[in-house]
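Close look at the chain arrangement
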Amino acid sequence: MLLNWTVMILYNYFSAMFVGPGYVPLGWTPEKSQDCMYLQYCKVCQSYKAPRSHHCRKCNRCVMKMDHHCPWINNCCGYQNHASFTLFLLLAPLGCIHASFIFVMTMYTQLYNRISFGWSSVKIDMSAAKRDPRPIIPFGLSAFAASLFALGLALGTTIAVGMLFIIQMKVILTNKTSIESWIEEKAKDRIQYYQTGETFIFPYDMGSKWKNFKQVFTWSGIPEGDGLDWPVRDGCHQYSLTIEQLKQKADKRIRSVRYRAVEDYSGVCCPVTKGVKTFFTTPCTEEPRIALSKGDLILATRGLKHWMYGEKILDSAGDGGIRERGWFPRKCVEKCQYDSEMDQAVDGEKKNR
């Protein structure tokens, strides 16, 4: 059984790693040229982003149905390897539960044979068991320590990887990805902020958990579709999600606030010199940090209590320039004074919408 677990875990792990998520072809454009108005354009890949695709900074490609970039497989989880990655998340905890059971029973039986009870004390003799036959593998103090360590490792893996499996199954049963769940949350926030009265319906939810499940898991192991065109529920448009993304992108430009750096920041993940609270509340994300020099201008789009996320304004960056985006400590910047007029413009825009 342990060999079976090992083979299945490694098979799905390496499948997720080497098969990959599938990438949007370089230079891809939709069949109908008029559909380009519904899509975002990727300047790095020199192609339009197909529905449900996103550009990965680590892979440096537009990934089809991107869920996230996983450092443990050194690849993205997406259209082609979503099933293998999820099966790996399922099989790893099951194998660890089986191993934990073996470790617990081994330590219990071995310690039980070595415990002697006195009137006032309990003694454990780790040198040898009281009963015959002796075990094939000697169970001494070092073996007990190794078994205890392996048990803790197996239980820790079961909890950590098991939680990831539950998260993945939740998004799969609604036919979403982690990124699309975040887009849906931002859609609700945008509608509530501008009070437009519209309703955003996620277009790829087939209305049945079983149908959504079959979109990822198939008997052949090959997911349905080609990763570029997707079936949508009744009443939704093929580009409903991409249109919402364009609205959110325009809204982010309107609601962004201009800040000026008042302190230098080297771009380290956990800065020691920016305060204890800033050090311990660093964002737990793979998104980068940007280095700041005193006087730099930044457009902040979102933030936490002690951190902010935004884009540095570069004079040399043209339309095709590389943008510097990432997190930076809130302590290092201050809001530009002339943004009060921009805030009034945003309020006016809100009323108009």
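Here is what the cut-offs are and how they apply
Each residue is numbered by its place in its chain's sequence as written, counting from 1. Predicted model: local features are reported for residues with pLDDT of at least 70 only, side-chain atom pairs are reported and counted for 80 or more only, and whole-chain, interface and lining totals are derived from all residues. As a rule here, side-chain values come from all non-hydrogen atoms in the structure, and water together with hydrogens is ignored. UniProt positions are given in the numbering used here, feature names are shortened, and annotations may be inferred rather than shown by experiment. Cavity means a closed set of points on a 1 Å grid over the protein atoms alone, one where a 1.4 Å probe fits but cannot get out, pocket means an open set with protein on both sides within 12 Å along at least 5 of 7 lines, and lining means a residue has an atom within 4 Å of a point. Grid points are joined across faces, edges and corners, and a volume is the space filled by probe spheres set on the points. Under the convention adopted here, Pro, Cys and the residues Ala, Val, Leu, Ile, Met, Phe, Trp and Tyr are nonpolar, Asp, Glu, Lys and Arg are charged, and Gly plus all remaining residues are polar. In this text, helices come from DSSP runs of H or I with a minimum length of four residues, and strands from runs of E with a minimum of two, each type numbered from the N-terminal end. Two strands pair under a simple rule: DSSP has to find at least two bridges between them. The axes are straight lines fitted to the C-alpha atoms, using for helices just the contacting stretch, and the angles between their N-to-C directions are given from 0 to 180°. Exposure is judged per residue with a 1.4 Å probe applied to protein chains only, and the accessible area is read against the type maximum: over 50% gives exposed, under 20% gives buried, and values in between give partly exposed.

For the protein, the name recorded in an unreviewed UniProt entry is Palmitoyltransferase, with Caloenas nicobarica as its organism. The protein has a UniProt comment under Subcellular location (unreviewed entry) that states "Membrane". Recorded in UniProt under Sequence similarities (unreviewed entry), the annotation for the protein is "Belongs to the DHHC palmitoyltransferase family."

So, empty space enclosed by the protein
Summed over all chains, the structure comprises 2 cavities of 30 Å³ or more. For the largest cavity, the full set of lining residues is Y38, L39, Q40, K49, A50, P51, R52, S53, T242 and Q245. Among the residues forming the lining of the largest cavity, the class breakdown is 4 nonpolar, 4 polar and 2 charged. What lines the second largest cavity is simply K65, Y79, Q80, H82, A83, Q215, V216 and P223. When its residues are assigned to classes, the lining of the second largest cavity shows 4 nonpolar, 3 polar and 1 charged.

Some remarks on the UniProt feature "transmembrane region" (unreviewed entry) in the protein
As annotated in UniProt, the feature "transmembrane region" (unreviewed entry) corresponds to residues 6–24, 87–108 and 136–167 in the numbering used here. End C-alpha atoms of residues 6–24 are separated by 33 Å, and the span's content is 74% helix alongside 0% strand. Helix makes up 100% of residues 87–108 and strand 0%. Its end C-alpha atoms lie 32 Å apart.

A look at the sheet that holds strand β13 (residues 333–335)
Taken in spatial order, the 5 strands line up as β12-β11-β10-β9-β13 in an open sheet, and their pairing is antiparallel. A single partner strand is all that each edge strand has here, and the edge strands are β12 (324–329) and β13. Each neighbouring strand pair of the sheet contributes to a mean axis angle of 45°, computed without reference to strand direction. Sheet topology note: the strand β9 (residues 257–261)/β13 ladder contains 3 bridges and is antiparallel.

Some thoughts on the pairing of strand β11 (residues 307–312)
Of all the 6 residues making up β11, 5 are buried; the element is thus mostly covered by neighbouring parts of the structure. Bridge analysis of strand β10 (residues 297–303) against β11 gives 5 bridges, and the strand direction is antiparallel. Considered in β11, the bridge of I298 is made with K312. The hairpin turn running from β10 into β11, its antiparallel successor, is 3 residues long. Both β11 and β12 contribute to a ladder of 6 bridges, which runs antiparallel. Bridging across to β12, K312 finds its partner in E324.

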